[in-house]
Amino acid sequence: MQTRTFRAKTMGEALRMTRQALGAEALIVSARNVDEAGTVEVTAVGKEPPPMRPPAQFAAGVKSTSTSTVEATADPSAEHWNKQIEPLRDEIASLRRMVRDMQRLTDEAILPGFSDLRNLILETSREQEGARVLGPLYTELVDRGVIPDLARGLIRAVELQLGLSNADQRDWLVQARGLLRAKIAESIEVCGPSVPGDGARTFAFVGPSGVGKTTTLAKVASRMSLSEGMEVAIVTTDTYRIGSVDQARRYAELIGVPFVVADRPETMASALRTYASADALLIDTPGRAFENEEVRRQLRDLLGAAGEPVEVHLLTAATYSPAQQAAIASRFGSLDPTRVLITKIDETLEMGALYNIAKMTGLPVSYLTTGQRVPEDIEVARTARIVQLLSGAAD
Ligand SMILES: Nc1nc2c(ncn2[C@@H]2O[C@H](COP(=O)(O)OP(=O)(O)OP(=O)(O)O)[C@@H](O)[C@H]2O)c(=O)[nH]1
Ligand SMILES: [Mg+2]
């Protein structure tokens, strides 16, 4: 028995190569796509090929006693040949051991699931067919910044629903485009505006430096205070960055709402007591929390000291790469965010970040921010708008 790997443009071709080389009895142990071009790689276990013979000039001097032993005669050329193949013998012996182990594994574990494996392979080839037909949609998603794995997931869901085998091929792309929009809409949750009393009256804005926490807080505070007539107070916990207290205070003055610094659990608790009658308390936090675990821990204690439920909005910018988005989702996870808020959608044409971050965090999207102007440049997140941004289609 031997294990071999074959690569081809299609699953059919790879399976043909496998059968040719290892016979019809070959056992497929894995089949997968290896690149964006759709190259398929099949790994299979099959019968050993006929044993390799030494070149003709050495053959007369080599006496074979078993398949694994080769004895040299006194012929110096045969001795030379034996020396050459000595390392190969060890390798062959260890490969034999490996194949024996694999055979055992095959008997015990793989064979019972062999028919499942065949079905999986058939399924995979169907999926590849789907991926080829819907290839343009996949490329569009990836070009817009959707992580390839997530884009593939969406396309597969569309393909599954479309039932490619039954559909009229000419209509596939048109139908698929509509289905794709529906799938995106289904998989992203939005939560509407933050309304005090709707679960919480305390809202914290957390996220990395410069993502737009203070500016967004000011936009939300303005909406609540000026448009909704609510009694709002701004609390800052950010005494790390020079100027941050002044920035938040300045916004509070412009909007005409009270402002307080609370950078310790006691001051936080007292701030909440002072503004016990306020409709909403908006808490600004330091960007340094992203790279500093100790700051995150302190912040967690501070939010805990509020003594009431805090709706934590995790801010991330549409301009960040998937790796940055993943790091943000992971580091700020310890603050138990309940919403994700996406800033700076005006600064990029690649809206994939909207989908990536919603899927990575599994959190509902609260707001999208669209520029630097306070209070204008903020929108309550709506599914149709997100789908429109992601698919480039009209709202
Ligand atoms: N283009 C654009 N700029 C924005 C948006 N939101 C905020 N900004 C800008 O981003 C910069 C940083 O905003 P801040 O609100 O100070 O960011 P922060 O997260 O509080 O920063 P730190 O307090 O340093 O952590 C400012 O210049 C804002 O005007 C947005 O939606 N679009
Ligand atoms: Mg700030």
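Here, every reference points to the structure presented above.
The residue numbers shown here count from 1 along each chain, following its written sequence. Labels are handed out in written order, letters beginning with A for the chains and numbers beginning with 1 for the ligands. Only residues with pLDDT of at least 70 are given local features in this predicted model, and only at 80 or more are side-chain atom pairs given and counted; all residues enter the totals for whole chains, interfaces and linings.

Observations concerning the pairing of strand β7 (residues 232-236)
Phase 1: Residue burial is a threshold on neighbouring C-beta atoms within 10 Å of the residue's own C-beta, all placed from the backbone, with 20 or more meaning buried, 12 or fewer meaning exposed, and counts in between meaning partly exposed. The numbering of helices and of strands both runs from the N terminus, where a helix is a DSSP run of H or I of at least 4 residues and a strand a run of E of at least 2. Across the five residues that make up β7, a large majority, five, are buried.
Phase 2: With burial as the criterion, each face of β7 is covered, one bearing Val232, Ile234 and Thr236 and the other bearing Ala233 and Val235.
Phase 3: When DSSP finds at least two bridges between two strands, those strands are taken to pair. Bridge analysis of β7 against strand β9 (residues 280-284) gives five bridges, and the strand direction is parallel. The residue of β9 that forms the bridge with Val235 is Ile283.
Phase 4: Taking the sense of rotation as the criterion, the β-α-β connection linking β7, helix α9 (residues 244-255) and strand β8 (residues 259-261) turns out right-handed. We call a crossover right-handed when, viewed with both strands directed away from the observer, the connection leading from the first strand over the helix to the second proceeds clockwise.

Quick look at the site of ligand 1
Phase 1: Nearness here is judged by the C-beta atom: place it from the backbone, and if it falls within 6 Å of a molecule or strand, the residue counts as near that partner. With respect to spatial proximity, 21 residues lie near ligand 1, and among them Gly212, Lys213, Thr215, Gly287 and Thr369 are the closest.
Phase 2: The element that contributes the greatest number of residues to the shell around ligand 1 is helix α8 (residues 213-227), accounting for three residues.
Phase 3: Charged means Asp, Glu, Lys or Arg here, nonpolar means Ala, Val, Leu, Ile, Met, Phe, Trp, Tyr, Cys or Pro, and polar covers whatever is left, Gly included. A per-class count over the shell around ligand 1 returns one nonpolar, 13 polar and seven charged.

A look at the nonpolar core
Phase 1: Here, a nonpolar core means buried Ala, Val, Leu, Ile, Met, Phe, Trp, Tyr and Cys residues linked by C-beta atoms lying within 7 Å of one another. Judged by nonpolar contacts, the single largest core of 81 residues is most densely connected at Val206, Ala221, Ile234, Leu282, Ile342 and Leu354.
Phase 2: When we break this core down by domain, the ones giving at least three residues each are domain 2 (134-187) and domain 3 (202-391).
Phase 3: In this structure Leu354 touches Ala318, Ile342, Ile386, Leu389 and Leu390, once residues within four positions along its chain are discounted.
Phase 4: Core analysis: the next-biggest nonpolar cluster, separate from the first, contains twelve residues, Phe6, Leu22, Ala26 and Val42 among them. As used throughout, domain bounds are those supplied by an automatic or database domain assignment. Any pair of residues counts as being in contact when their C-beta atoms, constructed from backbone geometry, are within 7 Å of one another.

Here we look at the sheet that holds strand β6 (residues 202-206)
Phase 1: If you trace the eight strands from one edge of the open sheet to the other, you get β8-β7-β9-β6-β10-β11-β12-β13, paired in mixed fashion. Unpaired on one side and paired on the other, β8 and β13 (378-380) mark the two borders of the sheet. Adjacent strand axes in the sheet meet at a mean angle of 25 degrees, parallel and antiparallel pairs treated alike.
Phase 2: Bridge count for β7 against β8 is three bridges, and the pairing is parallel. The residue of β8 that forms the bridge with Thr236 is Val261.
Phase 3: The axes are straight lines fitted to the C-alpha atoms, using for helices just the contacting stretch, and the angles between their N-to-C directions are given from 0 to 180°. Running at roughly 160 degrees to strand β11 (residues 339-343), helix α13 (residues 352-361) makes contact with β10 (310-317), β11 and β12 (365-369) of the sheet.

Concerning unusual backbone geometry
Phase 1: Omega for the bond connecting Val374 with Pro375 falls within 30 degrees of zero, at 5 degrees, which places this linkage in the cis form.
Phase 2: Tracing the backbone shows Pro375 in the loop between β12 and β13.
Phase 3: Unlike most non-glycine residues, Asp336 shows phi in positive territory, near 50 degrees.
Phase 4: Residue placement: Asp336 occurs in the loop between α12 (322-331) and β11.
Phase 5: Located in the positive-phi region is Lys344, a residue other than glycine, with phi close to 60 degrees.
Phase 6: With respect to the helices, strands and loops of the structure, Lys344 is situated in the loop between β11 and α13.

A closer look at the packing of helix α6 (residues 148-162) against helix α7 (residues 172-187)
A pair of packed helices can be characterised by two numbers: the angle between their axes and the separation between those axes.
Phase 1: Closest axis-to-axis distance for the α6/α7 pair is 9 Å, and the angle between their directions is 120 degrees. Between α6 and α7, the angle is such that the two are oblique. The way α6 lies across α7 gives a crossing that is right-handed. Note on element contacts: α7 touches α6 through Trp172, Gln175, Ala176, Leu179, Leu180, Lys183 and Ile184, opposite Leu154, Ala157, Val158, Gln161 and Leu162.
Phase 2: Here the residues of the contact of α6 with α7 are counted per class, giving nine nonpolar, two polar and one charged. Here is the rule for angles: anything less than 35 degrees is roughly parallel, anything more than 145 is roughly antiparallel, 65 through 115 is roughly perpendicular, and the remaining ranges are oblique. What makes a crossing left-handed is the near helix being turned counterclockwise from the far one by less than a right angle; a clockwise turn instead makes it right-handed.

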